[in-house]
Amino acid sequence: MICSLRRYEWEALANLLGQGYAFQSAYCMIQSDENVIRKLRQGMPLTDLLTQGHHGLFYDHLRFFLQITGVGDAIHASLAMADFLMKLRRTLFQQASYPLLLLCFSFAALFLFSGCVLPQLMQSFSQTEMKEFTLLLTMMRLLVYVIILMGLSAFGLWLLAKYVPNLRFAILRFLQRTHLPSQYCSYLFAGYFTQMQRHGISTRQAFIFLASFRKGSLLSSCAQNIADALAQGEEITDSLKRQRWIEPGFVQSWQIAQHTQQLAEVLSQYQKRQEEQWKEYLKRFGVIIQVFTYSFVAGMVILVYQILLLPLQLLESF
């Protein structure tokens, strides 16, 4: 790793470059690193100097923006894009953490009761007396195995999808009926175009650059289709309407932005609306998980209670 800086150092470097300082002078003012200065004097490309050996959201975007704008603007844009994606992930995780915690608790309780608690309680009774409860226990264990199998299958598909583009797009096509892939792709387009518009990058050029960013991703594939259509003389709005991965709400926002000449502001509003919609989806998902969890726990309590009452029922029968 040649050039490793903290966030506040990147911001300071971008500000100094914006004030007209040369990169070498600006870098020396915030951090003294003879290795970096030596590499720079040897003619090492600035792109390699800043990004070589680094990975992550910020550095992926920095490599991208360095191709289309100056170093200072590229740093500011990369920080902004990394912040907006991290904020999205953090917001969605916060909304989904409680339902997921309940789901994990429900599965752990199901695993514990079906594997340990209920079998221990049932050992004191004959098979004839516990016939109905044995059937319920078998069904509970089957449910545990199904959940484990589904979890392992989902993890395996996710792992394969990371390295097999055809499988990834097959899964996305399957999920298309939920509109989540198109909403996420449109949301990313809105975020990138907001930053590019603020840095004076033309719309057509933006699609060309996005097509080369993270090859094999949904965003890159969609941008490539639009860039090809624009190269053939098609209007941007018509091309957006034909894309299966572009949400109609994004197209409407784009048309409004064209009339008002305020692309960045309109797309920022679209992003906020989309975030609120996702939060609403997560709230509904949370309610469903809570109903399932509380119903399951109530059923478990009733089942244990019935087993504990069985000795009294047997005494009454004599």
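Here is what the cut-offs are and how they apply
Residues numbered from 1 in each chain as written. Predicted model: local features only at pLDDT ≥ 70, side-chain atom pairs only at ≥ 80, totals over all residues. Heavy atoms only, no water. Core = buried A, V, L, I, M, F, W, Y, C linked by side-chain atoms within 4.5 Å. Buried < 20%, exposed > 50% of the residue type's maximum accessible area, 1.4 Å probe, protein only. Contact = heavy atoms within 4.5 Å. Phe/Tyr/Trp six-rings, centres within 6.5 Å; stacked < 30°, edge-to-face > 60°. Helix = DSSP H or I, 4+ residues; strand = E, 2+ residues; numbered from the N terminus. Expected span 1.5 Å × (residues − 1). pLDDT = per-residue confidence, 0-100. Arc of directions from axis to C-beta. Axes fitted to C-alpha atoms, helices over the stretch in contact; angles between N-to-C directions. Parallel < 35°, antiparallel > 145°, perpendicular 65-115°, else oblique. Left-handed = near helix turned anticlockwise from the far one by under 90°.

Here we take up the nonpolar core. Core analysis: the biggest nonpolar cluster contains 70 residues, and Trp10, Phe189 and Phe207 have the highest contact counts within it. Not counting residues up to four positions away in its chain, the partners in contact with Phe207 are Phe189, Phe193, Ala223, Ile226, Ala227, Leu230, Ile236, Leu240 and Trp254. Counting seven residues, the second-largest nonpolar core is a separate cluster that includes Leu110, Val144, Phe296 and Leu303.

This part takes up the packing of aromatic side chains. This structure, assessed with the given rule, holds 17 aromatic pairs. Ring geometry for Tyr187 versus Trp278: centroids 5.1 Å apart, planes at 50°, classification tilted. One end of the pair, Tyr187, is in helix H9 (residues 180-198); the other, Trp278, is in helix H14 (residues 263-317), with 91 residues separating them in the sequence. In this pair, the class of Tyr187 matches that of Trp278, namely buried. Ring geometry for Phe189 and Phe193: centres 6.2 Å apart, planes at 35°, overall tilted. Residue Phe189 and its partner Phe193 are located together in helix H9, separated by four residues, close to a single helical turn. With respect to burial, Phe189 and Phe193 carry one shared label: buried. In textbook terms, an aromatic cluster arises when at least three aromatic residues are bridged by ring pairs, as seen for Phe189, Phe193, Phe207, Phe250, Trp254 and Tyr270.

Time to look at H9. The terminal C-alpha atoms of H9, which comprises 19 residues, lie 27 Å apart, in line with the 27 Å expected from a rise of 1.5 Å per residue. Among the 19 residues in H9, 15 count as buried, and that is most of the element. Where H9 terminates, the next one or two residues include Gly200, which has phi positive at roughly 75°.

All right, on to the confidence of the model for the protein chain then. Residues of the protein chain with pLDDT of at least 70 account for 91%, and the chain-wide mean is 80. No element of the protein chain has a lower mean pLDDT than helix H3 (residues 34-41), which averages 75, and none a higher one than helix H13 (residues 248-260), which averages 90.

Turning our eyes to something else, we now look at H13. Here H13 is 13 residues long and its end C-alpha atoms lie 19 Å apart, about the 18 Å a rise of 1.5 Å per residue gives. Of the residues making up H13, those classed as buried are Phe250, Val251, Ser253, Trp254 and Ala257. Taken around the axis of H13, the buried residues stretch over an arc of 160°, which confines them to a single face. Opposite the buried face of H13, by more than 90 degrees, sit the exposed residues Pro248 and His259. Phi turns positive, to about 60°, at Gln261, one or two residues after H13.

Another point: the packing of H9 against helix H10 (residues 203-211). Across the interface, H9 lies against H10 with an axial gap of 11 Å and an inter-helix angle of 125°. Here H9 lies oblique to H10, going by the angle between them. The element H9 and its partner H10 pack so that their crossing is right-handed. Where H9 abuts H10, its residues Phe189, Tyr192, Phe193 and Met196 lie against Thr203, Ala206, Phe207 and Leu210.

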